Amino acid sequence: MRFASRTQTTLRSARSSWSIHSSASEMIGQGEDVIILTVGDSDFASPVAAVEAISDSLARGRTHYTDSAGDQPLREAIARHHGRVIGREVTPNQVVVTIGAQNALMTAALCLLDQGDEVIVPEPMYSTYPGTIAMAGASTIAVPSPAAMGFRPSIDAIASSVTPRTRAIFLATPNNPTGAVYRAEELDQIGRICRRHELWLVSDEVYGSLVYEGRHVSPGALDHLADRTVTINSLSKSHAMAGWRLGWMVAPPALAEHASRVTGFVTYGIPTFVQDAAIATLEKHPNGVAELKEAYARRRSRLCDLLSNLPGIVPHRPDGGMFVMLDVRGTNLSSFDVASGLLHRHRVAVLPADDFGASASGYLRINLGATDEELDEAAARIAQYAYELADRREAALANP
């Protein structure tokens, strides 16, 4: 019996980043003391407003079918929210509610891409992008955003990557995994490339409320991008609601209509009571949960300080998002080997960042969504391992 070839694009090797996470989860299941800093989840509880709203909604019997694009009250709430972000009117018929941001990305890909199309993506990129694009029949054209440039892409490199087969540009601001925040002038230049070549721009903004340096600029706010931008967002990161699976896309009305038809085939809407909780959350916390952002900003600074001046490793202080990238190239080991050693010797699980793209090779991604105490303990264990590796390197040099 055979399987569809598209599923092969999602297979992971035994040395993939996520195999570290799987091993850590197994170790915890066996009762071991492991600090997991892999998945972008949060130690914060979901907002009280969401919990109370969902309880009330269930009590009122709000458990019936919904519109495949989301019920009107939630689409109106999201339209108001995004309108404030971009400083222009957004109408409910531009909004499609999805099962998290990943479902929105997949829906956008299915609506925009045909077999043989190409999508330009600055890397490091979120690890699901290539599979998402491939399942829609297209190919990912990665454009480097090297650490030496602050993990920012070369606009000239993006422009030179355009071919007659190019259909769209996908980007994330702030970026996952690096936390790089696109500047207005960068987005303006990318927008000019899109208009010149009739390209769509898919902008993943799930970390948009978590910016510590500079400010978040949504491409949809720019006049020459408004009619060709698909904005992806969710409550997962901004409101510590990852498990609620509430996301959305905002797009020109014609595209939103196509996306609504796709969601009708794939998910046929999301639970009504979750939508009610989302409305209450957006009304109570329109700009994200302030305490969450303050905690991540504090943890970012403290973790980078604790990991500074260690042999063989250098922390990269992000402008936004909820991760710190750790340069481990000075250890003379691959990032996978460093992560594996850190897990099995010191019981700290972090992601090797190689799967995010060549520009992230030699880096580890560390999630800030853990308690202050867990992050301090993880930093102490990482420091111990860094010194162990340094001693090993010195011994090897002394005894070649």
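Residues numbered from 1 in each chain as written. Predicted model: local features only at pLDDT ≥ 70, side-chain atom pairs only at ≥ 80, totals over all residues. Heavy atoms only, no water.

Quick look at the packing of aromatic side chains now. Applying the stated rule across the entire model yields 5 aromatic pairs. Judged by centre distance (6.1 Å) and plane angle (85 degrees), the rings of tyrosine 126 and tyrosine 129 are edge-to-face. Overall, the relative accessible area of 27% leaves tyrosine 126 in the partly exposed class. Ring centres 5.9 Å apart and planes at 70 degrees place the aromatic pair tyrosine 207 and phenylalanine 323 in the edge-to-face group. One end of the pair, tyrosine 207, is in the loop between strand S6 (200-204) and strand S7 (229-234); the other, phenylalanine 323, is in strand S10 (residues 323-327), and 116 residues separate them in sequence. Residue classification places phenylalanine 323 among the buried positions, given a relative accessible area of 2%. Site record: aromatic cluster; members linked through ring pairs are Tyr126, Tyr129 and Phe170. Of note, arginine 365 hangs over the ring of phenylalanine 323, and the distance from its end group to the ring centre comes to 3.7 Å. (Phe/Tyr/Trp six-rings, centres within 6.5 Å; stacked < 30°, edge-to-face > 60°. Buried < 20%, exposed > 50% of the residue type's maximum accessible area, 1.4 Å probe, protein only. Helix = DSSP H or I, 4+ residues; strand = E, 2+ residues; numbered from the N terminus. Lys NZ or Arg CZ within 6 Å of the ring centre and 35° of its normal.)

One open sheet holds the 4 strands; their spatial order is S9-S10-S13-S12, and the pairing between them is antiparallel. Each edge of the open sheet is held by one strand with a lone partner, namely strand S9 (314-316) and strand S12 (351-352). Here S12 runs beside strand S13 (residues 363-367); their pairing, made up of 2 bridges, is antiparallel. Counted as the bridge partner of proline 352 is leucine 364 from S13. This element, helix H10 (residues 290-306), spans S9, S10 and S13 of the sheet and lies at about 15 degrees to S10. (Pairing = 2+ DSSP bridges. Contact = heavy atoms within 4.5 Å. Axes fitted to C-alpha atoms, helices over the stretch in contact; angles between N-to-C directions.)

Before going further, it helps to examine unusual backbone geometry. With an omega dihedral of 15 degrees, the bond running from glutamate 123 to proline 124 counts as a cis peptide bond. As for its placement among the helices and strands, proline 124 is situated in the loop between strand S3 (118-123) and helix H5 (129-135). For the bond running from threonine 173 to proline 174, omega is -5 degrees, close enough to zero to count as cis. Here proline 174 is to be found in the loop between strand S5 (166-172) and helix H7 (184-197). Even without glycine at this site, arginine 245 takes up a positive phi of about 55 degrees. In this structure arginine 245 comes out as partly exposed when scored by relative accessible area, which is 33%. For tyrosine 268, which is not glycine, the phi torsion reads 55 degrees and is therefore positive. Assessed through its relative accessible area of 49%, tyrosine 268 is described here as partly exposed.

Moving on to helix H3 (residues 72-86). In a regular helix each residue adds 1.5 Å, so 15 residues correspond to 21 Å; H3 covers 21 Å between its end C-alpha atoms and thus fits that length. Residues Leu74, Arg75, Ala77, Ile78, Ala79, His81, His82, Gly83 and Ile86 constitute the buried set of H3. Where H3 terminates, the next one or two residues include glycine 87, which has phi positive at roughly 70 degrees. (Expected span 1.5 Å × (residues − 1).)

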